[in-house]
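# Working through the structure, step by step
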Amino acid sequence: MSMNKPTEQLIETGETDSIELISTPENELQVAKAVAAFLNTQGGTVIVGVTEAKKSAIDITEKVAFSLEKYLRKKINPSILFAVSLDETKHGSVIVIEVPKGRDRPYMIDGQIFVRHGTTINSATSAETRRMVSEDTDRPRWERQIASGLQLDDLDRSLLKKTIDFAIAKRGMSFSEPSNQGAVLTQISMYQFGELTN
């Protein structure tokens with residue numbers, strides 16, 4: 001693994017309104033709160049495995065990174081795509097989580113909504129929650145629109161099953177009825193009111 005200079009630069013910058021440094025992946029809930037807070041505000045980067053003093057906390061392996069990613073995908077609702085990588089730096093191996101601004105806000109952890117204010121993570125106020133909901137409902141999302149003329153029977157069922165199996169095994173996603181493809185598509189908002197979405 002070669003040194004990742006952009007990651008090293010982020011570590012050298014230290015914590016900002018868009019960078020969160022967390023010393024250990026064992027602090028899963030703290031990582032989840034940071035990811036959810038970035039999703040609910042303007043996005044950012046969470047770097048796990050280095051302290052604010054720029055010291056490596058522990059030796060991080062791919063197995064540890066995968067376990068943390070799986071935890072985050074189960075803990076944060078609604079489901080979201082974010083990038084998780086294991087980068088090598090002069091500080092040692094670190095987990096880097098690139099978090100976009102969420103498009104389906106608010107994102108929650110165990111029913112709680114978190115936001116970022118500068119370098120701190122706080123519970124969202126009722127006014128902040130209302131603002132997130134109103135901002136995100138003002139613009140129609142392409143992927144939530146009905147796919148005109150497309151029916152459930154038009155999908156390749158074997159490919160859909162492989163995709164569901166992959167999502168469970170490799171991405172740590174969980175579905176209430178994994179053997180019911182219609183239910184899985186409904187759970188990820190790709191099948192609504194008897195219609196497939198984009």
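Whatever comes next refers back to the structure up there.
Residues numbered from 1 in each chain as written. Predicted model: local features only at pLDDT ≥ 70, side-chain atom pairs only at ≥ 80, totals over all residues. Heavy atoms only, no water.

## Structural notes on the environment of E135
- Tracing the sequence through the fold places E135 in helix α4 (residues 126–137).
- Looking at E135, the relative accessible area reads 35%, which means it is partly exposed.
- Along the sequence, E135 and R105 sit 30 residues apart, while their C-alpha atoms lie 8.9 Å from each other. (Helix = DSSP H or I, 4+ residues; strand = E, 2+ residues; numbered from the N terminus. Buried < 20%, exposed > 50% of the residue type's maximum accessible area, 1.4 Å probe, protein only.)

## Things to note about the side chain of T24
- With respect to the helices and strands, the residue T24 is situated in the loop between β1 (19–22) and α2 (28–40).
- Of note is the side chain of T24, whose polar atom sits 3.1 Å from the backbone nitrogen of E26. (Polar contact = N/O pair within 3.5 Å; in protein donor to acceptor, adjacent residues only side chain to side chain.)

## Some details on the packing of aromatic side chains
- Inspection of every chain in the model, using the stated rule, returns zero aromatic pairs.
- One residue, R73, lies across the ring of F82, its end atom 4.2 Å from the ring centre. (Phe/Tyr/Trp six-rings, centres within 6.5 Å; stacked < 30°, edge-to-face > 60°. Lys NZ or Arg CZ within 6 Å of the ring centre and 35° of its normal.)

## Concerning α2
- An ideal rise of 1.5 Å per residue puts 18 Å on 13 residues; α2 measures up with 18 Å between its terminal C-alpha atoms.
- Residues of α2 that are buried include every one of V31, A32, A34, V35, A36, A37, F38, L39 and N40, and no others. (Expected span 1.5 Å × (residues − 1).)

## Examining the sheet that holds strand β4 (residues 83–89)
- Ordered in space as β1-β2-β5-β4, the four strands form an open sheet in which the pairing is mixed. Only two strands of the sheet have a single neighbouring strand rather than two, namely β1 and β4. Strand-to-strand, the axes of this sheet are offset by a mean angle of 25°, without reference to chain direction.
- In this structure, strand β2 (residues 44–48) lies alongside strand β5 (residues 92–99), joined through five bridges in antiparallel fashion. When the bridges of β5 are listed, I47 appears paired with V96.
- The strands touched by helix α3 (residues 62–75) are β2, β4 and β5; relative to β5, the strand with the most contacts, the crossing angle is about 25°. (Pairing = 2+ DSSP bridges. Axes fitted to C-alpha atoms, helices over the stretch in contact; angles between N-to-C directions. Contact = heavy atoms within 4.5 Å.)

## Focus: the pairing of β2
- Taking burial as the measure, the five residues of β2 include five buried ones, the bulk of the element.
- Neither face of β2 is left uncovered, since the one carrying G44, V46 and V48 and the one carrying T45 and I47 both have all their residues buried.
- Two strands pair when backbone bridges link them, and β1 and β2 are joined in this way by four bridges, in the parallel orientation. Within β2, the position partnered with L21 by the bridge is I47.
- Note that the unit made of β1, α2 and β2 has a crossover that is right-handed. (Right-handed = clockwise from strand over helix to strand, strands pointing away.)

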